[in-house]
Amino acid sequence: MSAYEPPYSHVGEASTPTLESPDEEVGPLSQFRHGAQDRRLLELARLDAGLAANADFDDKPWGLLYRALVDSIGLSPDDFQLAYPSAPWDWPCPQEGFIHAAQYDFCATAPQWSAIGAYVSSGDTVHQAYQQFLNTALAQTDYRSLRQHLNDADDALTTATNQYTLATTSAASAYAAQVEDNQPSFTQWLGSARGHGHQTRIVAAQVAMNRAQAHYAALVAQCQSPELGQAQRRCGDERFHVRLSDLNLIRMPKVPDWRLAQSSDDWVAQVEAGRGPAGVTLGFSNREAPYDFAQTWAGRRGRIRQLFWQVRINGRWERIDEFEFDNKLELSLDFQAVDTIAIRPGDWFDGDFARSMIDGPFMPGYSGFGGDSVETRGQPVFGERGFFGLIKSGLCVGYRPSFAIRTTTSTFRRFVDPFKAATALRIGPFVFEAEGGSLAAGWKADPATQTFTGATTSRSPLILGATVAELPNAAG
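What counts as what
Residues numbered from 1 in each chain as written. Predicted model: local features only at pLDDT ≥ 70, side-chain atom pairs only at ≥ 80, totals over all residues. Heavy atoms only, no water. Helix = DSSP H or I, 4+ residues; strand = E, 2+ residues; numbered from the N terminus. Rg over C-alpha atoms; globule rule 2.2 N^0.38 Å. Contact = heavy atoms within 4.5 Å. Areas by Shrake-Rupley, 256 points an atom, 1.4 Å probe, with all protein chains shown as cover. Lys, Arg positive; Asp, Glu negative; His and termini not counted. Charge placed at Lys NZ, Arg CZ, Asp CG, Glu CD. Expected span 1.5 Å × (residues − 1). Buried < 20%, exposed > 50% of the residue type's maximum accessible area, 1.4 Å probe, protein only. Arc of directions from axis to C-beta. Axes fitted to C-alpha atoms, helices over the stretch in contact; angles between N-to-C directions. Parallel < 35°, antiparallel > 145°, perpendicular 65-115°, else oblique. Left-handed = near helix turned anticlockwise from the far one by under 90°. Nonpolar A, V, L, I, M, F, W, Y, C, P; charged D, E, K, R; others polar. Salt bridge = Lys/Arg side-chain N within 4 Å of Asp/Glu carboxyl O.

Student: I tried to follow the overall build of the chain on my own but got confused; where do I start?
Tutor: Helix and strand counts for the chain stand at 13 helices and 20 strands. Computed over C-alpha atoms, the radius of gyration of the chain comes to 25 Å, within 12% of the 23 Å expected from 2.2 N^0.38 for 476 residues, which places it in the range of a compact globule. Seen through its C-alpha atoms, the chain measures out along the principal axes to roughly 95 × 50 × 40 Å. Restricting the contact set of the chain to residue pairs at least 6 apart, pairs at least 24 apart contribute 78%. Counting only carbon and sulfur atoms, one obtains 49% of the accessible surface of the chain, whose full area is about 21,100 Å². Across the chain, the 41 positively charged side chains and the 55 negatively charged ones have centroids separated by 6 Å.

As structure tokens, this is what we get:
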């Protein structure tokens, strides 16, 4: 028998709610909920460190590319995020009940609050933020003993979650020091020799956290909050969780399922058979006025943490100063196909309940969006300062891009030799691979038109970015 009794057996107990009084001892502080903004700032600081020698770079082309994408391929500044660094959409489609680690990382990682954002595969996950949101929702009960059990269970859960957060944060720090451009992604790295020790610590902490979470959810189920109890049950239901398909991750507990409307293999097959989405040509000139990011869903312009123009020579990326300072440069990009593939969380996510909680009620110390009044102050749950803010709703991809860069004569002459020696060219988030070098890949430098042209040799679609939705009003 459990250590607590169901509410119906509390004969003669006072039937008035007994919330914590201001003088009651405060339990442990949640590092995940209260440290979310600090972790995001740390991610940006790590990205900034890589640009220390290039502090004077011009990020205007990023805005011009964002505008060109929005104007050309049916995207909207109301929900589109241009993501960098470039990543291939080449995730294998495993058998039912499994998910590839790279797919899991991309879908589960919450996007940054910026129209152009760095994809950091070790960032906070939406499902953990959702679970923590459920844990801050106030479970209503009229019984003092059940309330005390809830308080004790919440303290134990917070302590266990803090250990898990510490383990994942430590792993993310090591990952950032060892890996560039999310290759491999964070969860894939946990299965490698360098990440295995961190995987072991994460698994141990996660097992303890899941046990504490199940105990807390069982107490919530006895409260007078049936919708919250149902949401807690769904979130923890293993029927809605899947295994990571990498054999080196077989000891990891199941993870919440994330679904794509189509696999990359099926999508590429349709495109190459002529039954896929249409292609598009887009571009910009350096003469154009800067893009106003106030028009976007993020409502502001964030500093970009990656150079727009880079060339890879002898295995090393180098900045292309000539392109940055050529005011007459014109860029044209041609994609054989572009598309947006829907991303949907599995049935562990209850979107209806999340939307119903936009105004709470929340546990003391938390509020929907924060504020200065007695009713609204406290740690925000939603919004840019909260821990449960954004979710990806779509994967924006492009297939077999080619480029044409027209420059002034002087720029052409300075860059023609590096271009011939290149094995790859980075244009914003896109990496154009040239296996065997640019000449072997068929890239051309035309002195008559001062134009550099080429196409990627990779047959994997490129991820252009994602459509995002703001919580708690996101569909699901």
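Student: Any chance you could explain helix α2 (residues 36-49) here in plain terms?
Tutor: In an α-helix, one full turn covers 3.6 residues, which means residues spaced three or four apart are oriented alike. Taking 1.5 Å of rise per residue, 14 residues should cover 20 Å, and α2 covers 20 Å from first to last C-alpha, within 8% of that figure. Among the residues of α2, Ala36, Arg39, Glu43 and Leu44 are the ones counted as buried. One side of α2 holds all its buried residues, which, seen down the axis, span an arc of 140 degrees. Every exposed residue of α2 that faces more than 90 degrees away from the buried side is listed here: Asp38, Leu41 and Ala49. Taken together, the buried residues of α2 touch α1 (31-34) and α6 (144-178).

Student: What is the right way to look at the packing of helix α8 (residues 196-220) against helix α9 (residues 226-236) in this model?
Tutor: The relative placement of two packed helices is expressed as an angle between their axes plus a distance between the axes. Running from N to C, α8 and α9 cross one another at 155 degrees; their axes reach a closest spacing of 9 Å. One element, α8, and the other, α9, form an angle in the roughly antiparallel class. Between α8 and α9 lies a crossing of left-handed hand. Residue-level contacts link Gln213, Tyr216, Ala217 and Val220 of α8 to Leu228, Gly229 and Gln232 of α9. Of the residues belonging to the contact of α8 with α9, the class tally is 4 nonpolar, 3 polar and no charged.

Student: How do you make sense of the pattern of salt bridges when you look at a structure like this?
Tutor: Pairing between side chains of opposite charge can happen when the charged atoms of each approach one another. Applying the stated criterion across every chain, the model contains 14 salt bridges. The partner of arginine 234 in a salt bridge is aspartate 350, and the shortest N-O contact between them spans 3.5 Å. Placement of the pair is arginine 234 in helix α9 and aspartate 350 in the loop between β11 (337-345) and α12 (351-356), with a sequence separation of 116 residues. For aspartate 350, a relative accessible area of 11% gives the class buried. Across the pair glutamate 433 and arginine 312 runs a salt bridge, and its minimum N-O distance is 2.6 Å.

Student: How do you make sense of the packing of helix α5 (residues 126-136) against α6 when you look at a structure like this?
Tutor: With their axes 13 Å apart at the nearest point, α5 and α6 run at an angle of 165 degrees to one another. When the axes of α5 and α6 are compared, the pair comes out roughly antiparallel. Between α5 and α6 the crossing geometry is left-handed. Between α5 and α6, the residues in contact are Gln128, Gln132 and Asn135 and Leu157, Thr161, Tyr164 and Thr165, respectively. Considered class by class, the residues forming the contact of α5 with α6 number 2 nonpolar, 5 polar and no charged.

In short, geometric facts, not functional conclusions.
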